[in-house]
Structures are given as structure tokens and as C-alpha cells.
Amino acid sequence: MKIGLIDVDGHNFPNVPLMKISAHYKKRGHLVEFYEPLSGIYEPYDTVFMSKVFSFTEDYRFPIYAKKIIKGGTSYDLKNKLPPEIETEYPDYSLYNVEKIGYGFLTRGCPRGCEFCAVQDKEGTCSTKVADLSQFWRGQREIKLLDPNLLACGDKIDLLHQLIDSKAYVDFTQGLDVQLMSEELSELIMKIKIKRIHFAWDFEKNSEIIKSKLKRFKEFSGLDYTKLNVYVLVNFNTDFEFDLERVYTLRDMGYNPYIMIYDKEHAPQNIRRLQRWVNNRIIFRTVERFEDYKPNLPDKIKRQEKTKNTASDGVFV
Ligand code: SF4
């Protein structure tokens, strides 16, 4: 068979389901490639798999020459899951020319049920172990975990030990639930080689506990802000004053805030400006107050920022 893959969101961040589909069909001797319309005209694909995670990316707008099209990903469908025989495949990292990083989920689901988040509908309200590390990691230097709420999982201790034993650098890309942090968990996490940790401070409710847990973890870990990021959701149900308060508080505590805009398309100007200021690390560390931030930056700083920002920041799955 001739199988085509379309990563609608672009090729900046490897799409795990597409890598698993690729591995599955290649193993069985089929031709698998990123979809090429010209190739499709010449010889139509038997099946084209399309994946779209982000709602804000434009849908694929070119003709698709295929006998069958299968769509998946949070933005298309919350219920469409990979069959178990594909879900358990070791990803075909060659699809994205990735050699030194393993990407995957150890758990799925989250009990928090935040209104803006698709995880509860897609994966359920219980954090459940879905894989051992070996399912997507075979000695790569780095691991990028995509789990929505690893610390809420009953098997977290076992999973954290797997990460410790790997001796690989670990990037918790989607946010560890700081409200669930304890001495025991902090100790285990600090035995892992940390590339980056992300936490989240999204709402006004529970702010006191979030602040106190962040403070304790910072003191305990001794990690600096380059490794400690906190997602700050704005334009959802907080006012601008509180948005700024979170940004300043996090910076004072030694964390790196990272602004995530809800419904960015309709966000007001000051919110977009806040994001540009905070998420541009060099500018944020240079210009102390939001009111002093002037978006017309010298070209030199803009260039530095462009090379520094990475595609892995702020990935939702
Ligand atoms: S935003 Fe995070 S904590 Fe809230 S439901 Fe989604 S995964 Fe869970």
C-alpha cells in the first residue's frame, strides 16, 4: 500500500501518532511518506492519515488524492483513537529526522477538569499509566514527556523511577501539577536529569497553595529559572491586573513565566503585548516592567530572540 501522512500543524514538533502509524505500516512493508499532492496525482495514495492538534492552525487546503482519508488529533476529533496495535508501536523518529530525543506519553488523562482544556473529553478524568518508558525511548540523550498530569497517576512512583534510571535529560513539556507536589515527589524528581520542568498557574482559585508549593519546590530543587517554567493562562477568566501579578510574582520567585493566550484570535492588544514581552526571554529579563516594554525593539534583540525561541514551547496535545 501507499500511505500518505499529513501533519497539518507543520513539521516543527514531531507528531507522535503519525510516527507510530509510520512505524506500523513500514514494518509491514508498505510505502509510507509525507503526503505529496504531485505523487498523489501520479498514483493515488491508498490511505492518507491527517493529524491536527491545534485549533488555531489552518486546515490542509490542497487536494488530497487518496482512496481513503483518516483524520485524527484534538482539533479534528476527541474520540478518534489509534488502535492498540498502532498505539503501542515504537515511533518512527526518522520521519522527522529525530535521533537524540524520545517523545511520548507515560500517562493519559487528568482529574482537574479545567474548562478550557480538551484532556478530560479526550482522555478522561483519571490519570492512568499507558506505557513504560521503553515504548518510546531507546537510549536517546533526551526525553520529551507529553503527559497531561503525570503526578496524578497512581503509578507515578514507578514512572519517576523509570525516568531516573534512564539517565536521560527529561523535559516535562506539558506541566507537572505543582499542587500535588510533596517532599517525596520532589526528591524523586530531583534524581532525574532535568532539562526543563513546566508548571502552570492558570486561575485565581488555589493561588495561595500554588505559590507556596512553587516556593517550596524552588527552594528544595535549587534549579534556576532557565529550567523552571510556569504556564500562565490569560484571556480566559482572569483580569489583566492578576495576569501581571502572576508574571511579576513568578519572576520574583525565580521562575520563568510563559504566557498562553486563550482564544488568541480575539485577544485584546494588551494581552498580545504581554505575551510578546514575557515570552521573549531576553527582553523580559532586560525590561523589568510591562509599561516600559516598547514593542519596537532594536533589530539585534529581535534576531537574538528569533534564534532562541524553540518550537517545543507551549505544545498542547
Ligand atoms: S489544563 Fe492541565 S490540569 Fe487542567 S485539565 Fe488540562 S491537563 Fe489537567
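Residues numbered from 1 in each chain as written. Predicted model: local features only at pLDDT ≥ 70, side-chain atom pairs only at ≥ 80, totals over all residues. Heavy atoms only, no water.

Visitor: How should I be thinking about helix H5 (residues 156–166) in this particular structure?
Guide: Every α-helix winds through 3.6 residues per turn, so residues three or four apart in the chain are directed the same way. Within H5, burial applies to Leu159, Leu160, Gln162, Leu163, Ile164 and Ser166. Elements in contact with the buried residues of H5: strand S6 (107–108), strand S7 (128–129), strand S8 (142–145), strand S9 (169–172) and helix H6 (183–189). Lys167 sits one or two residues past H5 and shows a positive phi near 60°. (Buried < 20%, exposed > 50% of the residue type's maximum accessible area, 1.4 Å probe, protein only. Helix = DSSP H or I, 4+ residues; strand = E, 2+ residues; numbered from the N terminus. Contact = heavy atoms within 4.5 Å.)

Visitor: How should I be thinking about the packing of helix H7 (residues 207–221) against helix H8 (residues 240–253) in this particular structure?
Guide: Packed helices, taken two at a time, are described by the angle their axes make and the gap between the axes. At a minimum axis distance of 11 Å, the contact between H7 and H8 shows a crossing angle of 20°. Looking at the two axes, H7 sits roughly parallel to H8. Where H7 crosses over H8, the handedness of that crossing is right-handed. Along the contact surface, H7 presents Ser207, Lys211, Leu214, Lys215 and Lys218, while H8 presents Phe242, Thr249, Leu250 and Met253. The residue makeup of the contact of H7 with H8, split by class, is 4 nonpolar, 2 polar and 3 charged. (Axes fitted to C-alpha atoms, helices over the stretch in contact; angles between N-to-C directions. Parallel < 35°, antiparallel > 145°, perpendicular 65-115°, else oblique. Left-handed = near helix turned anticlockwise from the far one by under 90°. Nonpolar A, V, L, I, M, F, W, Y, C, P; charged D, E, K, R; others polar.)

Visitor: Help me understand the packing of H8 against helix H9 (residues 269–279) in this model?
Guide: Contact geometry of H8 with H9 gives a least axis separation of 11 Å together with a crossing angle of 10°. In terms of axis orientation, H8 runs roughly parallel to H9. Listed contacts from H9 to Phe240, Asp243, Leu244, Val247, Tyr248 and Arg251 of H8 are Asn270, Ile271, Leu274, Trp277 and Val278. Here the residues of the contact of H8 with H9 are counted per class, giving 8 nonpolar, 1 polar and 2 charged.

Visitor: Any chance you could explain a negative patch on the surface here in plain terms?
Guide: A cluster of acidic side chains, namely Glu204, Asp239, Glu241 and Glu245, defines a negative patch on the protein surface. Along the chain, Asp239 falls in the loop between strand S11 (228–234) and H8. A relative accessible area of 44% places Asp239 in the partly exposed class. (Patch = residues over 30% accessible without salt bridge, like charges linked within 9 Å, V, L, I, M, F, W, Y side chains within 5 Å. Areas by Shrake-Rupley, 256 points an atom, 1.4 Å probe, with all protein chains shown as cover. Salt bridge = Lys/Arg side-chain N within 4 Å of Asp/Glu carboxyl O. Lys, Arg positive; Asp, Glu negative; His and termini not counted. Charge placed at Lys NZ, Arg CZ, Asp CG, Glu CD.)

Visitor: What's the story with the sheet that holds strand S2 (residues 31–34) in this structure? I'm lost.
Guide: Pairing between the strands of a sheet comes from backbone hydrogen bonds, and it takes one of two forms, parallel or antiparallel. The parallel open sheet is built from 4 strands, whose spatial order is S2-S1-S3-S4. A strand with exactly one partner marks an edge of an open sheet, and here the two such strands are S2 and strand S4 (66–72). Between one strand axis and the next, the sheet turns through 20° on average, direction left out of account. When strand S3 (residues 45–51) meets S4, the two strands line up parallel, connected through 6 bridges. Within the sheet, the bridge partner assigned to Thr47 lies in S4 and is Lys68. The sheet contacts of helix H1 (residues 16–27) involve strand S1 (2–7), S2 and S3, and relative to S1 the element is tilted by about 170°. (Pairing = 2+ DSSP bridges.)

Visitor: In this structure, what is going on with the environment of Arg285? I would like to understand it.
Guide: Here Arg285 shows up in helix H10 (residues 281–286). A sequence separation of 34 residues divides Arg285 from Arg251, and the C-alpha atoms of the two residues are 9.1 Å apart. Excluding residues that lie within four positions of it along the chain, Arg285 makes contacts with Tyr225, Arg251, Tyr255 and Asn256. For Arg285, the side chain forms a polar contact with the main-chain oxygen of Tyr255, separated by 3.4 Å. (Polar contact = N/O pair within 3.5 Å; in protein donor to acceptor, adjacent residues only side chain to side chain.)

Visitor: Any chance you could explain a nonpolar patch on the surface here in plain terms?
Guide: Together, Leu38, Ile41 and Tyr65 line one region of the surface with nonpolar side chains, adding up to about 320 Å² of accessible area. Along the polypeptide, Leu38 turns up in helix H2 (residues 37–42). Judged by relative accessible area, Leu38 falls into the exposed class, the value being 69%.

Visitor: Can you help me understand the site of the ligand in this one?
Guide: The environment of the ligand is made up of Cys110, Arg112, Gly113, Cys114, Phe116, Cys117 and Pro148. Here the residues of the shell around the ligand sort into 5 nonpolar, 1 polar and 1 charged. (Near = heavy atom within 4 Å.)

Visitor: Would you mind going over the sheet that holds strand S10 (residues 193–200) with me for this structure?
Guide: Sheet architecture is open: 6 strands sit in the order S5-S8-S9-S10-S11-S12, paired in parallel fashion. Only two strands of the sheet have a single neighbouring strand rather than two, namely strand S5 (101–104) and strand S12 (256–261). Adjacent strand axes in the sheet meet at a mean angle of 20°, parallel and antiparallel pairs treated alike. For S8 and S9, the ladder comprises 4 bridges, and the chain directions are parallel. Looking across to S9, one finds that Glu142 is bridged to Tyr169.

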